[in-house]
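A closer look at the structure
Next come the chains, spelled out residue by residue.
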Amino acid sequence: MKIRAAVLQATGAKRPYQGNQPLVIEELELDPPGDNEVLVQIKAAGLCHSDLSVIDGNRPRPVPMVLGHEAAGIVKAVGNGVTDLQVGDHVVTVFVPSCGHCSPCAEGRPALCEPAAKTNNAGTLASGERRLHRADGTDVHHHIGVSAFADHAVLSRHSLVKVDSDLPLHHAALFGCAVLTGVGAAINSADIKAGQTVAVVGLGGVGLNSVLGALVAGASQVIAIDLDDDKLALAKELGATHAFNSAEEGCADKIKVLTNGGVNCAIEMAGSEKALEFAYQITRRGGITVTGGLPHPDKKVAIQQVSLVAEERTLKGSYVGSCVPVRDVARYIALFRQGRLPVDKLLSDTLTLDQINDGFEKLAAGKAVRQIILFD
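Summary of the structure given here. The structure displayed is predicted, hence computed values, not measured ones.

The next subject is the state of the cysteines. In total, this model carries zero disulfides according to the counting rule given. Distance from the sulfur of Cys-99, which forms no disulfide, to the nearest cysteine sulfur (Cys-113) is 3.7 Å. Not engaged in a disulfide, the cysteine Cys-323 finds its nearest cysteine sulfur in Cys-177; these two sulfurs lie 10 Å apart.

Looking at the secondary structure, you find Ile-74 in strand β5 (residues 70–78). Using a relative accessible area of 17% as the deciding quantity, one classes Ile-74 as buried. For the pair Ile-74 and Lys-43, spaced 31 residues apart in sequence, the C-alpha separation works out to 7.4 Å. The contact partners of Ile-74, leaving out residues within four places of it in the chain, are Leu-39, Val-40, Gln-41, Lys-43, Gly-88, Asp-89, His-90 and Leu-169.

We now examine the pairing of strand β17 (residues 347–351). Looking down a regular strand, the side chains alternate between one sheet face and the other. Bridge count between β17 and strand β18 (residues 370–374): four bridges; the pairing is parallel. Bridge pairing links Thr-350 to Ile-372 in β18. Considered for its hand, the β-α-β crossover made up of β17, helix α13 (residues 356–364) and β18 is right-handed.

In this fold, Thr-291 is placed in strand β15 (residues 283–291). A polar atom in the side chain of Thr-291 sits 3.5 Å from the backbone nitrogen of Gly-293. When near neighbours in sequence (up to four residues on either side) are disregarded, Thr-291 contacts Glu-268, Leu-276, Lys-316, Gly-317 and Ser-318.

Once that is clear, we can look at the nonpolar core. Core analysis: the biggest nonpolar cluster contains 98 residues, and Phe-149, Ile-192, Ile-267, Tyr-332, Leu-341 and Phe-360 have the highest contact counts within it. Tallying contributions element by element places helix α7 (residues 205–217) first for this core, with seven residues. With near-sequence residues (within four places) excluded, Ile-192 lies in contact with Ala-186, Ile-187, Val-198, Ala-214, Ala-217, Ala-219, Cys-265 and Ile-267. Grouped together as the second largest cluster of nonpolar side chains are 14 residues, Ala-199, Ala-252, Ala-266 and Ala-275 included.

On to the environment of Ile-192. Within the secondary structure layout, Ile-192 lies in the loop between α6 (178–189) and β11 (197–201). Look at Ile-192 and you get buried, because its relative accessible area is 7%. The sequence separation of Ile-192 and Gly-213 amounts to 21 residues, and the corresponding C-alpha distance is 9.0 Å.

Let us look at the packing of aromatic side chains. Summed over all chains, the structure comprises three aromatic pairs. Here Phe-149 and Phe-360 contribute two aromatic rings whose centre-to-centre distance is 5.9 Å and whose plane-to-plane angle is 70 degrees, an arrangement assigned as edge-to-face. Of this pair, Phe-149 sits in the loop between β8 (139–142) and β9 (152–156) while Phe-360 sits in helix α13, placing them 211 residues apart in sequence. There is no split in this pair, since Phe-149 and Phe-360 are both buried. Ring geometry for Phe-175 and Phe-336: centres 5.8 Å apart, planes at 65 degrees, overall edge-to-face. Of the two residues, Phe-175 is situated in the loop between α5 (169–172) and α6 and Phe-336 in helix α12 (residues 325–337); the sequence distance between them amounts to 161 residues. Looking at Phe-175, the relative accessible area reads 1%, which means it is buried.

Reading guide: rules and limits
Residues numbered from 1 in each chain as written. Predicted model: local features only at pLDDT ≥ 70, side-chain atom pairs only at ≥ 80, totals over all residues. Heavy atoms only, no water. Disulfide = S-S within 2.5 Å. Helix = DSSP H or I, 4+ residues; strand = E, 2+ residues; numbered from the N terminus. Buried < 20%, exposed > 50% of the residue type's maximum accessible area, 1.4 Å probe, protein only. Contact = heavy atoms within 4.5 Å. Pairing = 2+ DSSP bridges. Right-handed = clockwise from strand over helix to strand, strands pointing away. Polar contact = N/O pair within 3.5 Å; in protein donor to acceptor, adjacent residues only side chain to side chain. Core = buried A, V, L, I, M, F, W, Y, C linked by side-chain atoms within 4.5 Å. Phe/Tyr/Trp six-rings, centres within 6.5 Å; stacked < 30°, edge-to-face > 60°.

What follows is the structure in structure tokens.
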């Protein structure tokens, strides 16, 4: 079938994106679903820094590629072997199509699925196939098994989680990345306990979800840290107890005084080595520093090695919030319905597919938290 999709021609695109147009809207040919695959009509797709990092070259991926990984839609057809989804079901996309059989999957860590890491890096579906083609037959790569910046997509069954049909799809889309990654970092990776002190460094869509996750976990102090005063104000509206602009003179020392030596847990979501060093600096003795940011692979951090031992510190990575999607998507949606995870307040704007370059310019400029493309 023919679809409209936003295709990235080359990585390392220069700003401003609304002028340089790194994403081009094209008509592509989409193959029908193969074995254990599903055709989904995409209804809503979020613009995320993980997409932006492919555009600007910080996250190397093969091109041409249809970007987009945070989305929700409606099942239109299923391939052989798919028995637990039916036409008309509403689904959320997940960008790690875990196999269920490799060592990490067997240990209950599907975010680290080894076959998925290989196929995601190669720009294919979990089957190793590419279902996207140009009119001349040239293959177009898939973005981490999803490619949601299109009106339809074929995905592995393992890249989808079924959700209730009464959940608005523009809200459901957020649960595939921003919520899983941000809330999961707080609840799963950091394992925040009631009464602990928490700081979140970097208040994009994922970082603000970490603020919400820390609040749900019962943190006594949730300290929001960013360079943007508007995002700091939004964090306070969401329930953060304190907010600091990290450009302030002596910011780290002020946080240490406030928390009597540092926070129990600092979560870095800025995707910057400097932000991670700052998060480590404000973590107390015996505390944990969790990072979910994805800077360029060449970037490295400088920490005082002896502090890991003498202060029994922990520095930990968090990918997809250390989540089990089939378990955690349902849990987090339930919290949203209860009003305890007001992720709808993070929506900055809605766009059409034709406005996608404008949206990424706003994201790169720090002028948006979560923008959603809506499809008819």
